[in-house]
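# Observations on the model geometry
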Amino acid sequence: PIDPFLVSFDLFFHVHSVSILSWTHHHPLILHWLAYSYSALIPELLLIPLLIALLRERKMCRIFLLSGIIGYIFIQGIYFFFPTTAPAGILHSPFFTPAQHSCYIKFYNIHHYLKIPHKTAECLIAFPSPHVFCACITWYVCKNKKWLFSLIGIINIPMIIATLFLGFHYFADILGGISTAALSLYLAHRIDGW
């Protein structure tokens, strides 16, 4: 796993995940707001494609699907060659949730070819962040409708921040998710233009 490198990267930019996690947990209102934002991804992934289809944004529907497929391939490929265990696997804090520890156990078992316990969290990948990737592409495909773009921005900016402040991802994961989204959207536009 590349977690030590990701921690070093974060520290180079003066991002201390354990301190951020501690700060978040000492501000319950912010903690609950970020947790709500973080959990908004699944409904958003179901509603945004439907909404842009109803708004007859055919090109954006194609871009959403193409960039999602391209990004999924990139994210899986990066994870295959550069696996991670997520912050709970290498950092120590009493504020990591049981679900985050469960993710670490799942990732650890996968990386060591061990049986995955039945009661593990529904986590996918740490680097690059699939949450950030999806937040970026869903926000982008709303750009032709300013009211929708603004609304999704109000939801997705805190969602991206929440990945770090809740301890699910490193700062490097966020940058990786944004970069993967940008590259996937670029390639989706190129493919759609052929």
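Structure: above.
A few points on the structure. (Residues numbered from 1 in each chain as written. Predicted model: local features only at pLDDT ≥ 70, side-chain atom pairs only at ≥ 80, totals over all residues. Heavy atoms only, no water.)

For the rest of this paragraph, the subject is the overall build of the chain. Helix and strand counts for the chain come out as nine helices and zero strands. Of the regular secondary structure in the chain, the N- to C-terminal order runs α-α-α-α-α-α-α-α-α. In summary, the chain has a C-alpha radius of gyration of 17 Å against a globular reference of 16 Å for 194 residues, a match within 12%. Here the C-alpha coordinates of the chain stretch approximately 50 × 40 × 35 Å along the principal axes. Within the chain, buried positions represent 45% of all 194 residues. Of all intrachain contacts in the chain linking residues separated by at least 6 positions in sequence, the fraction that spans at least 24 positions is 77%. Each charge class in the chain was averaged separately, 11 positive and 7 negative side chains, and the resulting centres sit 12 Å apart. (Helix = DSSP H or I, 4+ residues; strand = E, 2+ residues; numbered from the N terminus. Rg over C-alpha atoms; globule rule 2.2 N^0.38 Å. Buried < 20%, exposed > 50% of the residue type's maximum accessible area, 1.4 Å probe, protein only. Contact = heavy atoms within 4.5 Å. Lys, Arg positive; Asp, Glu negative; His and termini not counted. Charge placed at Lys NZ, Arg CZ, Asp CG, Glu CD.)

Glancing now at the packing of aromatic side chains. Following the criterion strictly, the structure yields seven aromatic pairs and no others. Measuring from centroid to centroid gives 5.1 Å for Phe 80 and Phe 81, while their planes differ by 90°, and the two rings are edge-to-face. Phe 81 shares its class with Phe 80; the two are exposed. A connected cluster of aromatic rings, assembled from ring pairs, spans Phe 9, Phe 12, Phe 13 and Phe 171. (Phe/Tyr/Trp six-rings, centres within 6.5 Å; stacked < 30°, edge-to-face > 60°.)

Orientation of helix α4 (residues 41-54) relative to helix α8 (residues 146-165), taken along the N-to-C sense of each, is 165°, at an axis distance of 12 Å. With respect to their mutual orientation, α4 and α8 come out roughly antiparallel. As for the relative orientation of α4 and α8, their crossing is left-handed in sense. Contacts between α4 and α8 pair Leu 41, Glu 44, Ile 48, Leu 51 and Ile 52 from the former with Trp 147, Leu 148, Ile 152, Ile 155, Asn 156 and Met 159 from the latter. Residue composition of the contact of α4 with α8, by class: nine nonpolar, one polar and one charged. (Axes fitted to C-alpha atoms, helices over the stretch in contact; angles between N-to-C directions. Parallel < 35°, antiparallel > 145°, perpendicular 65-115°, else oblique. Left-handed = near helix turned anticlockwise from the far one by under 90°. Nonpolar A, V, L, I, M, F, W, Y, C, P; charged D, E, K, R; others polar.)

Evaluated as defined, the whole model comprises three salt bridges. In this structure, the salt-bridge partner of Asp 192 is Lys 59, at a minimum N-O distance of 2.9 Å. In this pair, Asp 192 is assigned in helix α9 (residues 171-192) and Lys 59 in helix α5 (residues 58-81), connecting sequence segments 133 residues apart. Classification of Asp 192 by relative accessible area gives buried; the value is 18%. Residue class for Lys 59 comes out partly exposed when judged on its relative accessible area of 37%. Asp 192 is the salt-bridge partner of Arg 62, the closest N and O atoms lying 2.6 Å from each other. Of this pair, Arg 62 sits in helix α5 while Asp 192 sits in helix α9; the two residues are 130 residues apart in sequence, bridging distant segments of the chain. (Salt bridge = Lys/Arg side-chain N within 4 Å of Asp/Glu carboxyl O.)

What follows is about unusual backbone geometry. Although it is not a glycine, His 14 sits at a positive phi angle of roughly 60°. Given a relative accessible area of 65%, His 14 falls into the exposed group. In this structure, Ala 86 is a non-glycine residue whose phi angle is positive, near 80°. For Ala 86, the position within the fold is in the loop between α5 and α6 (98-111).

Next up on the list: the nonpolar core. If you look at the biggest cluster of nonpolar residues, it comprises 28 residues, and the most contacted ones within it are Ile 48, Ile 52 and Val 141. Mapped onto this core, the elements with two or more residues apiece are α4, α5, α7 (130-140), α8 and α9. No other element matches α7, which puts six residues into this core. (Core = buried A, V, L, I, M, F, W, Y, C linked by side-chain atoms within 4.5 Å.)

A few words now on the state of the cysteines. For the coordinates displayed, the defined rule picks out zero disulfides. Considering cysteine sulfurs only, Cys 134 is the nearest to Cys 136, which forms no disulfide, with 9.3 Å between them. The exposure class assigned to Cys 136 is buried, which follows from its relative accessible area of 16%. (Disulfide = S-S within 2.5 Å.)

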